[in-house]
Amino acid sequence: MAELIDGKAIAAELRQEIAADTQSLVSKGVTPGLAVVLVGEDPASRVYVSMKEKACAAAGIFSDEHKLAADTSEQDLLALIAQLNADERIDGILVQLPLPDHIDESKVLEAISPDKDVDGFHPYNVGRLVTGNPLFQPCTPFGVMKMLERTGVELKGKEVVVVGRSNIVGKPVALMCLAEHATVTICHSRTRELDKKVAAADVVIAAVGRPEMIKGDWIKPGAVVIDVGVNRVGDKKLVGDVEFDAACRNAAAITPVPGGVGPMTITMLLYNTLVSAKRRSER
Ligand code: NDP
């Protein structure tokens, strides 16, 4: 049976380290600050924002909340971002997505100063990742990499198969694995013979958003499986993109859903904010 990669435990350990580093930075007169901007009333976004605020408080990071009405104009939102870009207490700016339809999401993300872009979505930071010189890396894929590192999974020379090619998970995690010298295959909805591609992988990273679509018997014996997918089935149950029970029979190690990649995302947001504050303290 596969070893469970415990995202909750890894995230808790990292958050302790972040809190300790934050404390020592505060003692030097620099308090890391994260501005969180929420536009509208989307219930899931409200939950995420409140989780981020709580996580900041627990780590000793100052969180500056901006909850704006759903009919806030793009111009007003851009003005707020300009103000946060100039605010010296703020090391990171996070605009919770999705934004209401009347606001151009890419215009807003590009307005964030790249050196406060702790979500790593600004094209400048995407370019830095592509060229192998990252400044801020997007939180979910960065969390996947931290989990692999803390689990002692060496990527050099390994066959990594990433299923999914989104800008927030699939593409960046593929680039991060490439930077660790893996041989990376990116699969998507038009990929042929996905089962055979997955069966050749030493490490499978699934970021699709389809419940248990990656079958357990596709997994090569001894492979490592990272399941980023979060899918609600029925009223309450959450499952990943990988058929978990069957995959456990083949994999050497696997992340559960929930309790795998999920807790890492906010942890890496705190991490990026702390790194940004350290850069400020060195300026
Ligand atoms: P997107 O919907 O943006 O991307 C899904 C990707 O899966 C696309 O590239 C799509 O291909 C591919 N895909 C769809 N169907 C198939 C198929 N049948 N075979 C192969 N590939 C397929 O999703 P995200 O990347 O945003 O998220 C993926 C999952 O990760 C979701 O479940 C999401 O909830 C979860 N997630 C979890 C996070 C966490 O913190 N744990 C954070 C972010 C996401 P194509 O490009 O061809 O359409």
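Scroll up to find the structure.
For clarity, every value in this text was computed on a predicted model and none was experimentally measured.

Asker: It is not clear to me how the packing of aromatic side chains should be interpreted in this structure. Could you clarify?
Answerer: In this description, an aromatic ring pair is defined by two values, namely the gap between the centres and the angle between the planes. According to the stated counting rule, one finds one aromatic pair in the structure shown. On the basis of an interplanar angle of 80° and a centroid distance of 5.5 Å, the ring pair of Phe142 and Tyr271 is categorised as edge-to-face. Taken together, the residues span a long stretch of sequence, with Phe142 in helix H6 (residues 139-151) and Tyr271 in helix H10 (residues 262-282) at a distance of 129 residues. Residue classification places Phe142 among the buried positions, given a relative accessible area of 13%. Sitting over the ring of Phe136, Arg279 keeps its end group 4.8 Å from the ring centre.

Asker: Honestly, the sheet that holds strand E4 (residues 92-95) in this entry has me stumped. Any pointers?
Answerer: The pairing of strands in a sheet happens through backbone hydrogen bonds and is either parallel or antiparallel. If you trace the three strands from one edge of the open sheet to the other, you get E3-E2-E4, paired in parallel fashion. Every interior strand has two partners, whereas the edge strands, strand E3 (62-68) and E4, have only one. Between one strand axis and the next, the sheet turns through 15° on average, direction left out of account. With seven bridges connecting them, strand E2 (residues 33-39) and E3 associate as parallel partners. Directly across from Leu38, in E3, lies its bridge partner Lys67.

Asker: What am I meant to see in unusual backbone geometry here?
Answerer: Phi is mostly negative for residues that are not glycine, and the peptide bonds are mostly trans. Cis geometry marks the peptide bond from Leu97 to Pro98; its omega dihedral reads 0°. When you line up the elements, Pro98 lands in the loop between E4 and helix H4 (105-111). The omega torsion of the bond from Val257 to Pro258 falls at -5°, within 30 degrees of zero and hence cis. Counting through the fold element by element, Pro258 comes out in the loop between strand E11 (253-254) and H10. Backbone geometry at Glu193 places phi at a positive 50°, although glycine is not the residue there. Within the element layout of this structure, Glu193 appears in the loop between strand E6 (183-187) and helix H8 (194-199). For Glu193, a relative accessible area of 48% translates into the label partly exposed. A positive phi angle, near 50°, is found at Glu212, a position not held by glycine. Along the polypeptide, Glu212 turns up in the loop between strand E7 (203-206) and strand E8 (224-227).

Parameters and conventions
- Residues numbered from 1 in each chain as written.
- Predicted model: local features only at pLDDT ≥ 70, side-chain atom pairs only at ≥ 80, totals over all residues.
- Heavy atoms only, no water.
- Phe/Tyr/Trp six-rings, centres within 6.5 Å; stacked < 30°, edge-to-face > 60°.
- Helix = DSSP H or I, 4+ residues; strand = E, 2+ residues; numbered from the N terminus.
- Buried < 20%, exposed > 50% of the residue type's maximum accessible area, 1.4 Å probe, protein only.
- Lys NZ or Arg CZ within 6 Å of the ring centre and 35° of its normal.
- Pairing = 2+ DSSP bridges.
- Axes fitted to C-alpha atoms, helices over the stretch in contact; angles between N-to-C directions.

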